[in-house]
Amino acid sequence: EYTALDLSPFYLDAARENDNYWRRVRKSSEQQAATSRDIRPAKFVQGQAENLPFDSESFDAVICVYLFHELPREVRSKVASEMARVLAPGGTVVLTDSIQRGDRPILDERLGNFGNFNEPYYDDYTQDFLVSHFEKAGLRPWTKSVRSNTKSLSFLKID
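Residues numbered from 1 in each chain as written. Predicted model: local features only at pLDDT ≥ 70, side-chain atom pairs only at ≥ 80, totals over all residues. Heavy atoms only, no water.

Asks: Any chance you could explain the nonpolar core here in plain terms?
Replies: Nonpolar side chains in soluble globular proteins tend to end up buried together. Grouped together as the largest cluster of nonpolar side chains are 28 residues, with contacts concentrated most on Phe68, Met83, Val93 and Phe134. Elements supplying a minimum of two residues to this core: β3 (59-65), α2 (73-86), β4 (87-98), α4 (122-127), α5 (130-136) and β6 (150-156). The leading source of residues in this core is α2, at six residues. (Core = buried A, V, L, I, M, F, W, Y, C linked by side-chain atoms within 4.5 Å. Buried < 20%, exposed > 50% of the residue type's maximum accessible area, 1.4 Å probe, protein only. Helix = DSSP H or I, 4+ residues; strand = E, 2+ residues; numbered from the N terminus.)

Here you go:
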């Protein structure tokens, strides 16, 4: 089971179509392999990441993909706090977004160029120490992975 949240109703419609496609493909694959499980549709919720419409400690995992570079720094902090709030003890937050300065030093001089493409918060994002937002929210850093121009960070909520 999973819940998807986005501010855009259009992105949610695309995600709903993708979910329907994935469940059809998975069901077909399982039928061919003579195994079958009930694959429930995702829940889709329109809302703001900085004001999540979910109960505290209601998710085992929270995943955020390519959002933080779209936000001003103070909103990034609010989003990290909200993700920590809805995460159950023992749970994991995974943040995946663009690399930042220092992740691939050879690209540092050119990273800011992306901000010229109608990305007003990108330059600040590339210099923001993201871990601090999550630590202030009570989460412990766990892993970091950098692949191409993408970085993933994970954090744990200790009981």
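Structure's up, so let's keep going.
Asks: What is the right way to read a nonpolar patch on the surface from this model?
Replies: On the surface, Tyr21, Trp22 and Val25 cluster together to form a nonpolar patch covering roughly 320 Å² of accessible area. Tracing the chain through its elements places tryptophan 22 in helix α1 (residues 9-32). (Patch = residues over 30% accessible without salt bridge, like charges linked within 9 Å, V, L, I, M, F, W, Y side chains within 5 Å. Areas by Shrake-Rupley, 256 points an atom, 1.4 Å probe, with all protein chains shown as cover. Salt bridge = Lys/Arg side-chain N within 4 Å of Asp/Glu carboxyl O.)

Asks: Sorry, what's going on with the environment of histidine 133 here?
Replies: Locating histidine 133 in the fold gives a position in helix α5. Histidine 133 sits 10 residues away from aspartate 123 along the chain, and the two C-alpha atoms are 17 Å apart. Here histidine 133 is in contact with Arg73, Arg76, Ser77, Ala80 and Asp128, once residues within four sequence places are set aside. (Contact = heavy atoms within 4.5 Å.)

Asks: For this particular structure, what's the right way to read unusual backbone geometry?
Replies: Glycine aside, residues mostly have negative phi angles, and peptide bonds mostly take the trans form. Notably, glutamate 57 is not glycine yet its phi reads approximately 55°, a positive angle. Its location among the elements puts glutamate 57 in the loop between β2 (43-46) and β3. You can call glutamate 57 partly exposed: its relative accessible area is 45%. Despite not being glycine, serine 148 has its phi angle at roughly 55°, a positive value. Inspection of the secondary structure puts serine 148 in the loop between β5 (140-147) and β6.

Asks: Looking at this structure, I do not really get α2. What am I missing?
Replies: One full turn of an α-helix is made of 3.6 residues, so residues set three or four places apart face in the same direction. Under the 1.5 Å per step criterion, the end-to-end length of α2 is 20 Å for 14 residues, consistent within 8% with the ideal 20 Å. By the burial criterion, the buried members of α2 are Val75, Arg76, Val79, Ala80, Glu82, Met83, Ala84 and Val86. (Expected span 1.5 Å × (residues − 1).)

Asks: Mind showing me how you'd approach the side chain of serine 98 here?
Replies: Tracing the chain through its elements places serine 98 in strand β4. Polar side-chain contacts of serine 98 include one of 2.6 Å to the side chain of tyrosine 122. (Polar contact = N/O pair within 3.5 Å; in protein donor to acceptor, adjacent residues only side chain to side chain.)

Asks: Which parts of the structure should I look at to understand the pairing of β3?
Replies: Within a regular beta strand, the side chains point alternately toward one face of the sheet and then the other, so they alternate between its two faces. The pairing of β3 with β4 spans six bridges and is classified as parallel. Residue pairing across strands places cysteine 64 opposite leucine 95, the latter belonging to β4. Handedness of the β3-α2-β4 crossover: right-handed. (Pairing = 2+ DSSP bridges. Right-handed = clockwise from strand over helix to strand, strands pointing away.)

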